[in-house]
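# A structural walkthrough
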Amino acid sequence: MKLVILDGHALNPGDLNYDIFRQFGTLEIFERTPPELVLQRIKDADIVFLNKVVLSKEILSQCKNLKYIGVFATGYNVIDINAAREFGITVTNIPSYSTMAVAQATFALLFELTNGIHEHNLSVQNGDWCASKDFCYWTHPLTEIFGKTFGIVGFGSIGQRVAKIAISFGMKVLVQTRSQQKIDSFNSNCAKPSEKVRAVSKDELFAQSQIISLHCPLTEETREIINADALAKMQDGAILINTARGALVDEAAVRNALDSKKLAGFAADVLCEEPMSRECPLFGAPNCVITPHVAWAAKETRSRLLQIAVENVKNFLAGNPTNVVN
């Protein structure tokens, strides 16, 4: 059996070990695969692993041996799922592996906007504190999050973890979700009324929240859920955070909101185009913090992903596939 990893560098830049897959057959590893080489590299493979490489119906139709595609991620929109089903190819993903890491990154981004840790450290290292006439100074306004209203769009495992952290900081949490069951389940486990979240409409969440964090999947319904109209409904000086999918946000509209100070800050780990283009409206934007899609990238998180990927293959070969998306 032949196994191929198409873009192995992102998950394993050298600190993990792909040899664990050799128990299933011969293994070819490519750090990156450009579109023009995809078919050549997998046309005789039985099992393919990928993260962001696109597999179209045209490519899948020519891979006669292909039985299984393992996505090294939760999202699987890079694969033509209908075509995979048509050709009898099982596709699996890795759900819930990054819940803790993405929740942590969400608040790291928030605190950079509210506390300016990096900016203040640069100021100190540049000698500004040494030259200061006072024992303290700050380079921009600081914000206390206690008592603020924190709005969460989407209430899956990450959204729920973010809610718990926000509550622990003394914030009130509003949630916009299609699943009342998730709200009820979350609230049933709360010891105090102050620890419960409240479900509201999208417009109510935009209007009432000082901080808004996106944790919903990208669908046709949620694409550019943050647009000029949504931004106009938000409070002046609101903070917006996106650690979900770049296309949830109209980047030009967000840039305008930052320039006009309608938004006090925007922080994101994802963009519409990755890697970032210099033409991106958010490039060089004021009060904007962007990290290069690294919320999932802690070694502990990637190790968890790799182990789940191995278990997915074992279960598939045993006739009991898990985490199947098609």
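Going by the structure above, here's the rest.
The present account deals with the structure reproduced in this document. (Residues numbered from 1 in each chain as written. Predicted model: local features only at pLDDT ≥ 70, side-chain atom pairs only at ≥ 80, totals over all residues. Heavy atoms only, no water.)

Helix and strand content of the protein chain: eleven helices and twelve strands. Overall, the protein chain is about 70 × 50 × 35 Å in size when its C-alpha atoms are taken along their principal axes. Across the 326 residues that make up the protein chain, the buried fraction comes to 46%. Long-range pairs, those at least 24 residues apart, make up 62% of the contacts in the protein chain with a sequence separation of at least 6. (Helix = DSSP H or I, 4+ residues; strand = E, 2+ residues; numbered from the N terminus. Buried < 20%, exposed > 50% of the residue type's maximum accessible area, 1.4 Å probe, protein only. Contact = heavy atoms within 4.5 Å.)

Following the criterion strictly, the structure yields twelve aromatic pairs and no others. Ring centres of Phe-49 and Tyr-68 lie 6.4 Å apart, and the angle between their planes is 70°; this geometry places the pair in the edge-to-face category. Of this pair, Phe-49 sits in strand S3 (residues 47–50) while Tyr-68 sits in strand S4 (residues 68–71), and the two are 19 residues apart along the sequence. On the basis of relative accessibility, which here comes to 0%, the residue Phe-49 falls in the buried class. Among the residues examined, Tyr-68 registers a relative accessible area of 0% and is labelled buried. Every member of this aromatic cluster is reached through a ring pair, and the members are Tyr-18, Phe-21, Phe-49, Tyr-68, Phe-72 and Phe-316. (Phe/Tyr/Trp six-rings, centres within 6.5 Å; stacked < 30°, edge-to-face > 60°.)

This next bit is on the layout of surface pockets. Its volume calculated, the second largest pocket comes out at about 470 Å³. Surrounding the second largest pocket, 19 residues form its lining, Leu-113, His-140, Pro-141, Ala-264 and Asn-287 being those nearest its centre. For the lining of the second largest pocket, the secondary structure elements donating two or more residues are helix H4 (99–115), helix H5 (117–125), strand S11 (263–268) and strand S12 (288–290). Taken together, the residues of the lining of the second largest pocket sort by class into eight nonpolar, seven polar and four charged. (1 Å grid on protein atoms, 1.4 Å probe; cavity = no way out; pocket = protein on both sides within 12 Å on 5 of 7 lines; lining within 4 Å. Points joined across faces, edges and corners; volume = space filled by probe spheres on them. Nonpolar A, V, L, I, M, F, W, Y, C, P; charged D, E, K, R; others polar.)

Tracing the backbone through its elements, the reader meets His-140 in the loop between H5 and strand S6 (149–153). Sequence-wise, His-140 and Pro-34 are 106 residues apart; in three dimensions their C-alpha atoms are separated by 43 Å. Beyond its immediate sequence surroundings of up to four residues, His-140 is in contact with Leu-113, Asn-115, Gly-116, Glu-119 and His-120.

Let us look at the sheet that holds S3. Taken in spatial order, the five strands line up as S2-S1-S3-S4-S5 in an open sheet, and their pairing is parallel. A single partner strand is all that each edge strand has here, and the edge strands are strand S2 (26–29) and strand S5 (90–92). Sheet twist, expressed as the mean angle between neighbouring strand axes with direction ignored, is 15°. Of the strand pairs in this sheet, S4 and S5 are connected by three bridges, and their pairing is parallel. Each bridged residue has a counterpart across the sheet, and for Ile-69 the counterpart in S5 is Val-91. In the packing of helix H11 (residues 299–317) onto the sheet, the strands contacted are S3, S4 and S5, and the crossing angle to S4 comes to about 160°. (Pairing = 2+ DSSP bridges. Axes fitted to C-alpha atoms, helices over the stretch in contact; angles between N-to-C directions.)

Sheet architecture is open: seven strands sit in the order S8-S7-S6-S9-S10-S11-S12, paired in parallel fashion. Here the strands that pair on one side only, and so sit at the sheet edges, are strand S8 (198–199) and S12. Across four bridges, S6 lies against strand S9 (residues 211–214) in parallel orientation. Opposite Gly-151, over in S9, you have Ile-212 as the bridge partner. Along the sheet face, H4 touches S6, S9, strand S10 (238–242), S11 and S12 and points at about 150° away from the line of S10. Helix H10 (residues 251–259) rests against S10, S11 and S12 of the sheet, and its axis sits at about 140° to S11.

Membership of the largest hydrophobic core comes to 30 residues, with the highest contact counts inside it found for Ile-226, Val-254, Leu-263 and Phe-266. Contributing elements (two or more residues each) for this core: helix H8 (202–208), S9, helix H9 (228–233), S10, H10 and S11. If sequence neighbours within four positions are ignored, Ile-226 has contacts with Phe-206, Leu-214, Leu-231, Met-234, Leu-240, Leu-248, Val-249, Asp-250 and Val-254. (Core = buried A, V, L, I, M, F, W, Y, C linked by side-chain atoms within 4.5 Å.)

Let's shift gears to the pairing of S9. The side-chain alternation of S9 yields two buried faces, one formed by Ile-211 and Ser-213 and the other by Ile-212 and Leu-214. Assessed by its sense of winding, the connection that carries the chain from S9 through H9 to S10 is right-handed. (Right-handed = clockwise from strand over helix to strand, strands pointing away.)

Residue Pro-275 follows Glu-274 across a cis peptide bond; omega there is 0°. A positive phi angle, close to 55°, is found at Glu-224, a residue other than glycine. Mapping Glu-224 onto the fold places it in the loop between S9 and H9. Classification of Glu-224 as partly exposed rests on a relative accessible area of 36%.

This part covers the environment of Glu-31. Inspection of the secondary structure assignment puts Glu-31 in the loop between S2 and helix H1 (38–42). Excluding residues that lie within four positions of it along the chain, Glu-31 makes contacts with Leu-6, Asp-7, Gly-8 and His-9. Within the structure, Glu-31 has its side chain in polar contact with the side chain of Arg-32 (distance 3.4 Å). (Polar contact = N/O pair within 3.5 Å; in protein donor to acceptor, adjacent residues only side chain to side chain.)

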